[in-house]
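Take a look at the letters that make up each chain.
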Amino acid sequence: MAAIKPPMYSVAIIPIWVGTAVAVAQTKNLNAGVFSTFLTAAICIVAWSNISNDVFDSETGIDKNKAHSLVNLTGNKRLIFWIGNLFLILGLLGILAIAWWQRDLTIIGIILACCAIGYAYQGPPFRLGYHGLGEILCFVAYGPLAVSAAYYSQTQSWSTTNLAASIIVGTVTSLILFCSHFHQIKDDLAAGKRSPIVRLGTALSANLLPWICGSIYTLTSLLTVLNIFPTWTLLSWLSLPFAIKLCRHVLQYHDQPEKVSNCKFIAVGLHFVCGLLLGLGFML
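A quick note: this is a predicted structure, and the numbers were derived from the prediction, not measured.

What follows covers the overall build of the chain. In terms of regular secondary structure, the chain is built from 13 helices and zero strands. Starting at the N terminus and ending at the C terminus, the chain contains elements arranged as α-α-α-α-α-α-α-α-α-α-α-α-α. A compact globule built from 284 residues would reach a C-alpha radius of gyration of about 19 Å, and the chain, at 19 Å, matches this within 12%. Each of the three principal axes of the chain carries a C-alpha extent, and together these read 50 × 40 × 30 Å.

Okay, here's the thing in structure tokens:
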């Protein structure tokens with residue numbers, strides 16, 4: 001279960017949910033078939049990303065101490081590689097189906113861009129995540145691109161309100177990746193991976209968390225005051241206890257890998273609840 005990482009699939013669900021919620025709020029119409037197909041496709045594509053990440057990391061040695069790496073568990077890198085590719089094909093077939101129904105190739109271009117970013121993050125010869133660019137790539141792929149694709153799949157148009165919502169989704173998604181580095185700083189250093197935590201150190205990185213979390217709620221409130229977001233999106237503030245728990249936990253244990261390792265799952269909880277309530281706020 002640790003290798004499959006079920007909680008991590010909220011990063012596939014929330015962008016599609018929020019983009020669709022904004023579309024429904026603006027058009028008063030939901031294409032349930034497109035939504036369910038897109039959601040399934042997104043889960044498959046994220047599965048590819050997670051599986052291929054284990055494959056590519058096994059080549060650099062960064063996962064040598066990672067007991068729940070799929071490659072380490074099976075001892076068969078080639079098998080895991082092709083299972084990942086199968087999920088990618090299934091996901092792209094779902095996106096292709098949506099494009100076929102709508103006679104519009106735009107969504108395919110957006111999702112292919114997301115996949116390209118996902119590969120560039122982890123795959124050779126790019127491995128941009130090893131240069132500390134992972135959080136930026138994550139923000140773009142799971143924020144503006146994915147949320148815009150979900151909105152477009154419902155409306156075949158664009159929205160500044162949706163783009164604003166995508167910034168919040170992208171930020172809270174990148175927070176998960178940021179938190180995942182705290183407990184593996186030694187392995188990252190040994191493999192030459194210059195993650196933000198490696199570059200900044202655990203103490204400074206931990207002190208950045210309250211500012212990152214605060215920006216999520218500040219931006220939501222500002223957009224509500226400006227009447228860009230409906231008042232009900234302030235429901236996302238109910239996820240604040242997750243943010244407080246995350247910040248306190250990391251500030252206390254940032255330099256203790258065994259104790260800080262679960263912080264990414266607190267971040268996943270924050271991501272899911274915040275995104276779920278944000279989307280619900282648009283729907284009400």
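Further notes follow.
Our next topic: the packing of aromatic side chains. For the structure shown, the criterion picks out seven aromatic pairs. Where Phe81 meets Trp82, the ring centres are 5.2 Å apart and the plane angle is 80°; that geometry is what we call edge-to-face. Judged by its relative accessible area of 30%, Phe81 is partly exposed. Relative accessible area serves as the criterion here: at 49%, Trp82 is assigned to the partly exposed category. Aromatic pair Phe178 and Phe182: ring centres 5.8 Å apart, planes at 90°, arrangement edge-to-face. Accessibility assignment for this pair places Phe178 and Phe182 in one class, buried. The structure contains a cluster of three or more aromatic residues connected by ring pairs, namely Phe56, Tyr119 and Phe126. The lysine or arginine in question, Arg103, covers the ring of Trp100, its NZ or CZ lying 4.4 Å from the ring centre.

Along the chain, the position of Thr202 falls in helix H10 (residues 202-225). What makes Thr202 buried here is its relative accessible area of 14%. Not counting the four nearest positions on each side in its chain, Thr202 is found in contact with Phe182, Ile185, Ile197, His254 and Asp255.

What follows covers helix H11 (residues 240-253). The end-to-end C-alpha distance of H11, which contains 14 residues, comes to 20 Å, matching closely the 20 Å that a straight helix rising 1.5 Å per residue would cover. Turning to H11, its buried residues number three or more, namely Ala243, Leu246, Cys247, His249, Val250 and Tyr253. Down the axis of H11, the buried set is contained in an arc of 165°. They therefore lie on one face. Away from its buried face by more than 90 degrees, H11 exposes Pro241, Lys245, Arg248 and Gln252.

Before going further, it helps to spend a moment on the nonpolar core. Ranked by internal contacts, the top residues of the largest apolar core, which has 68 residues, are Val18, Phe38, Ile107, Leu246 and Leu270. When residues of this core are assigned to their parent elements, the largest contribution, ten residues, is made by helix H2 (residues 32-60). Those residues in contact with Val18, other than ones at most four positions away along the chain, are Val147, Asn162, Ala165, Val169, Gly275, Leu278 and Gly279.

Turning to the packing of H2 against helix H6 (residues 134-155), a few remarks are in order. Across the interface, H2 lies against H6 with an axial gap of 10 Å and an inter-helix angle of 155°. On the basis of their axis angle, the class for H2 and H6 is roughly antiparallel. Note that H2 runs across H6; the crossing there is right-handed. The segment H2 lies against H6, with Val34, Phe35, Phe38, Val46 and Ser49 engaging Tyr142, Ala149, Ala150, Ser153 and Gln154. Of the residues in the contact of H2 with H6, the class split is seven nonpolar, three polar and no charged.

Let us look at H2. For H2, built from 29 residues, the straight-helix expectation of 42 Å at 1.5 Å per residue is met to within 8% by its first-to-last C-alpha distance of 42 Å. Counted residue by residue, H2 has 21 buried out of 29 residues, so it is predominantly covered.

This brings us to a nonpolar patch on the surface. A grouping of Leu86, Ile89, Leu90, Leu93 and Leu96 is seen on the molecular surface, where their side chains present a nonpolar patch of about 470 Å² in accessible area. Within the fold, Leu93 resides in helix H4 (residues 77-102). Leu93 sits in the partly exposed class, given a relative accessible area of 49%.

This part covers the packing of H2 against helix H5 (residues 106-122). Where H2 contacts H5, the two axes come as close as 9 Å, and the packing angle between them is 20°. With respect to their mutual orientation, H2 and H5 come out roughly parallel. The two elements H2 and H5 cross, and the hand of that crossing is right-handed. Note on element contacts: H5 touches H2 through Ile107, Ile111, Cys115, Gly118, Tyr119, Tyr121 and Gln122, opposite Phe38, Ile45, Trp48, Ser49, Ser52, Asn53 and Phe56.

Looking now at the state of the cysteines. Evaluation of the coordinates by the stated rule reveals zero disulfides. The cysteine Cys115 is free of any disulfide, with Cys114 supplying the nearest cysteine sulfur at 6.8 Å. In this structure Cys274 is a free cysteine whose sulfur lies 9.5 Å from that of Cys213, the closest cysteine sulfur available. Since its relative accessible area comes to 2%, Cys274 is described here as buried.

Rules of the game
- Residues numbered from 1 in each chain as written.
- Predicted model: local features only at pLDDT ≥ 70, side-chain atom pairs only at ≥ 80, totals over all residues.
- Heavy atoms only, no water.
- Helix = DSSP H or I, 4+ residues; strand = E, 2+ residues; numbered from the N terminus.
- Rg over C-alpha atoms; globule rule 2.2 N^0.38 Å.
- Phe/Tyr/Trp six-rings, centres within 6.5 Å; stacked < 30°, edge-to-face > 60°.
- Buried < 20%, exposed > 50% of the residue type's maximum accessible area, 1.4 Å probe, protein only.
- Lys NZ or Arg CZ within 6 Å of the ring centre and 35° of its normal.
- Contact = heavy atoms within 4.5 Å.
- Expected span 1.5 Å × (residues − 1).
- Arc of directions from axis to C-beta.
- Core = buried A, V, L, I, M, F, W, Y, C linked by side-chain atoms within 4.5 Å.
- Axes fitted to C-alpha atoms, helices over the stretch in contact; angles between N-to-C directions.
- Parallel < 35°, antiparallel > 145°, perpendicular 65-115°, else oblique.
- Left-handed = near helix turned anticlockwise from the far one by under 90°.
- Nonpolar A, V, L, I, M, F, W, Y, C, P; charged D, E, K, R; others polar.
- Patch = residues over 30% accessible without salt bridge, like charges linked within 9 Å, V, L, I, M, F, W, Y side chains within 5 Å.
- Areas by Shrake-Rupley, 256 points an atom, 1.4 Å probe, with all protein chains shown as cover.
- Salt bridge = Lys/Arg side-chain N within 4 Å of Asp/Glu carboxyl O.
- Disulfide = S-S within 2.5 Å.

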